Amino acid sequence: MILSTSKKRVSVSWKTETHLLLVPETWDKLTDLLTSSFKLEEEFDILTTSGAVVTGIDLIRDGDELRLRSLTSSPFHDNSWITLNVGGHIVQTTWRTLTKEKETMLARMFDNDSNWKNKTDSNGAYLIDRSPKHFLPLLDYLRNGEIVLDKDINPQGVLLEAKFFGFTELTGKIEELMLASERKVLEPLCRDDVIRALITTPSNYILRFRGLDFSGADLSNMDLRHVNFSHSKLVGTNLTKSDVYGANFDKADMRGARLDEANAAGVSMEGAVLDDASMVRCNFEDSKLRPSSLLGAQMKSVNLENSNLAGVNMRVVNLRGSCLKNSSLKGACLAGADLEGCDLNGAELYNTNLRGANLTNVNFEDITTALHMTHMT
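Everything numeric in this text was worked out from a predicted model, so none of it was measured.

Visitor: Help me understand the environment of Thr48 in this model?
Guide: Mapped onto the secondary structure, Thr48 falls in strand β3 (residues 44-48). In contact with Thr48, other than residues within four places in its own chain, are Val54, Glu65, Leu66 and Arg67.

Structure follows, in structure tokens:
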């Protein structure tokens, strides 16, 4: 039925119907056309897909998709109770709850101006083909404004539901909840855990324990060459006589750890915290010319007596109050290091770089190399 010579063709939707129409020359003719096409007996507005009200013919463009909104009746109101059939699970809630967050899919599904065409079961419950276990927490969130998950509910499933229905703020809250859960303190790993990992890891792979907790573990006399312990917690861990050649301890927390007589050649302990650690007779020198690095490490009150630190990079290390008696620092770099109160009695300092180091109250008694043989300026 063409009642106009207009070249503007639009589609207009009303509830479950959609008609393709030519736009007449006047507004009155357009409203008459819509009334007769949809057999309307009530007043209505004409809306764009974005929800803007059309108030004149000149605002309509060729190809527009329009919808009608009743001005006299609405299927829902604030106190309307709505029954949902979510994956076979029947649940009741209010229209006000479902439309609380206007930008979500749920709000659009039950918007009075929506043409979502919700389907119902034989009892009139609105069908939603989703997992009830993961959908119901969304309803509770709309009711209470908080997300609470029972122990048997996987937050990943609820996160997927929140993303599916467009809950932007809730998505962020669930991700924060999951992250907090991952940060919960776990039982520290023990020697048996490390042995199992060593046995099951191919010899050509680098074993990674990055960010794990080994506090108090007995890892003495173990072959831990090239293992990655970066960012791990090794507080009070016993690594006595272990071979940690080429291992990575960057930014690890090793307060009070024991590495007495350990082979630490080629290790990287950059930024590690080693306060109060014991490293008596520990070897850091690598015959293969792979220098160990303790760059920026915190090593207050560490016992390094009789240790071999030849060639080690200890730039800007904090060694306040540490014991380095009879240790070898030959060719080591301690530029900018804090050595205040250190005991270097009997230490080997040949070609040691001490430029910019804090040497306040350092004990240089019986050093094997004259101080002019070091680099201090």
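Visitor: I tried to follow the pairing of strand β4 (residues 65-70) on my own but got confused; where do I start?
Guide: Side-chain direction in a regular strand flips from residue to residue, so the side chains alternate between the two faces of the sheet. As judged from the three bridges shared by strand β1 (residues 9-14) and β4, these two strands associate in the parallel manner. Among the inter-strand pairings, Ser11 is bridged to a residue of β4, identified as Glu65. Relative to β4, β3 runs antiparallel, the two sharing five bridges. The residue bridging Phe44 from the neighbouring strand is Ser70, located in β4.

Visitor: Teacher, can you tell me more about the pattern of salt bridges here?
Guide: Close approach of charged atoms lets side chains of opposite charge pair. Inspection of the entire model under this criterion finds 13 salt bridges. Residue Lys173 pairs with Glu169 through a salt bridge whose shortest N-O separation is 3.8 Å. Taken together, the residues Lys173 and Glu169, both in helix α6 (residues 168-182) and four residues apart, mark about one turn of the helix. We note a salt bridge from Glu261 to Arg281, for which the minimum N-O separation is 3.6 Å. Of this pair, Glu261 sits in the segment after α7 (191-200) while Arg281 sits in the segment after α7, and the two are 20 residues apart along the sequence. With a relative accessible area of 38%, Glu261 lands in the partly exposed category. In this structure, a network of salt bridges that share partners links the residues Asp223, Arg225 and Asp243.

Visitor: So what exactly am I meant to see when it comes to the sheet that holds β3 here?
Guide: In sheet architecture, strand pairing relies on hydrogen bonds along the backbone and comes in two forms, parallel and antiparallel. Within the open sheet, the four strands sit side by side as β2-β1-β4-β3. Their pairing is mixed. Across the chains shown, the open sheet's two edge strands, defined by having one partner strand only, are β2 (17-22) and β3. In this sheet, adjacent strand axes meet at a mean angle of 30° when their direction is disregarded. Of the strands in this sheet, β1, β2, β3 and β4 touch helix α1 (residues 27-38), which is tilted by about 145° from β2.

Visitor: Can you help me understand α1 in this one?
Guide: For an α-helix the count is 3.6 residues per turn, leaving residues at separations of three or four pointing the same way. Between its first and last C-alpha, α1 extends 17 Å over 12 residues, near the 16 Å set by a 1.5 Å rise per residue. Within the span of α1, buried status applies to Leu30, Thr31, Leu33, Leu34, Ser37 and Phe38. The buried residues of α1 occupy an angular sector of 160° when projected down its axis, which confines them to one face. Exposed residues on α1 whose side chains face more than 90 degrees from its buried face are Asp28 and Asp32. Of the surrounding elements, those touching the buried residues of α1 are β1, β2, β3 and β4. With a side-chain oxygen lying 3.2 Å from the backbone nitrogen of Lys29, the N-terminal cap of α1 falls on Thr26. Positive phi shows up at Lys39, right after α1, with a value of about 55°.

Visitor: Help me understand the packing of aromatic side chains, please; the structure alone is not making it clear to me.
Guide: We describe a pair of aromatic rings using the distance from one ring centre to the other and the angle between the two ring planes. Inspection of the entire model under this criterion finds eight aromatic pairs. Ring geometry for Tyr141 and Phe167: centres 6.3 Å apart, planes at 75°, overall edge-to-face. Within this pair, whereas Tyr141 is found in helix α4 (residues 132-144), its partner Phe167 is found in the loop between α5 (155-164) and α6, the two being separated by 26 residues in sequence. On the accessibility criterion, Tyr141 (4% relative accessible area) is buried. Classification of Phe167 as buried rests on a relative accessible area of 0%. Aromatic rings pair up to connect Phe209, Phe214, Phe229 and Phe249 into one cluster.

Visitor: Which parts of the structure should I look at to understand α5?
Guide: Looking at α5, one finds that the buried residues are Gly157, Val158, Leu159, Glu161 and Ala162. One side-chain oxygen of the residue at the start of α5 lies 2.9 Å from the amide nitrogen of Gln156, identifying that residue as Asn154. Immediately downstream of α5, the backbone of Gly166 shows phi near 80°, a positive value.

Reading guide: rules and limits
- Residue numbering note: each chain is counted from 1, following its sequence as written.
- Selection of residues for local features in this predicted model requires a pLDDT of at least 70, selection of side-chain atom pairs for listing and counting requires 80 or more, and totals for whole chains, interfaces and linings are taken over all residues.
- No hydrogens and no water enter the side-chain calculation; it runs on all heavy atoms of the structure.
- Strands here mean DSSP runs of E at least two residues long; helices mean DSSP runs of H or I at least four residues long; both are numbered from the N terminus.
- Contacts were defined at the residue level, with two residues in contact if any of their heavy atoms lie within 4.5 Å.
- Strand pairing follows a simple DSSP-based rule, namely that at least 2 bridges must link the two strands.
- One side-chain nitrogen of Lys or Arg within 4 Å of one carboxyl oxygen of Asp or Glu is enough to make a salt bridge.
- Buried, partly exposed and exposed residues are distinguished by accessible area as a fraction of the type maximum, computed with a 1.4 Å probe on protein chains only: under 20%, between the cut-offs, and over 50%, respectively.
- Every axis in this analysis is a line fitted to C-alpha atoms, fitted for helices over the stretch in contact. Angles between the N-to-C directions lie between 0 and 180 degrees.
- One fewer than the residue count of a helix, multiplied by 1.5 Å, yields its expected span.
- Starting at the helix axis, one direction is taken to each C-beta atom, and the arc is that of these directions.
- Within 3.5 Å is the distance limit for a polar contact, defined as a pair of N or O atoms, with the added protein rule that one can donate a hydrogen and the other accept it, and that residues adjacent in sequence qualify only through two side-chain atoms.
- Aromatic rings from Phe, Tyr and Trp, with only the six-membered ring used for Trp, were paired whenever their centres fell within 6.5 Å, and each pair was classed as stacked if the ring planes differed by under 30 degrees, edge-to-face if by over 60, and tilted otherwise.

Function-wise, these values are silent; they only describe arrangement.
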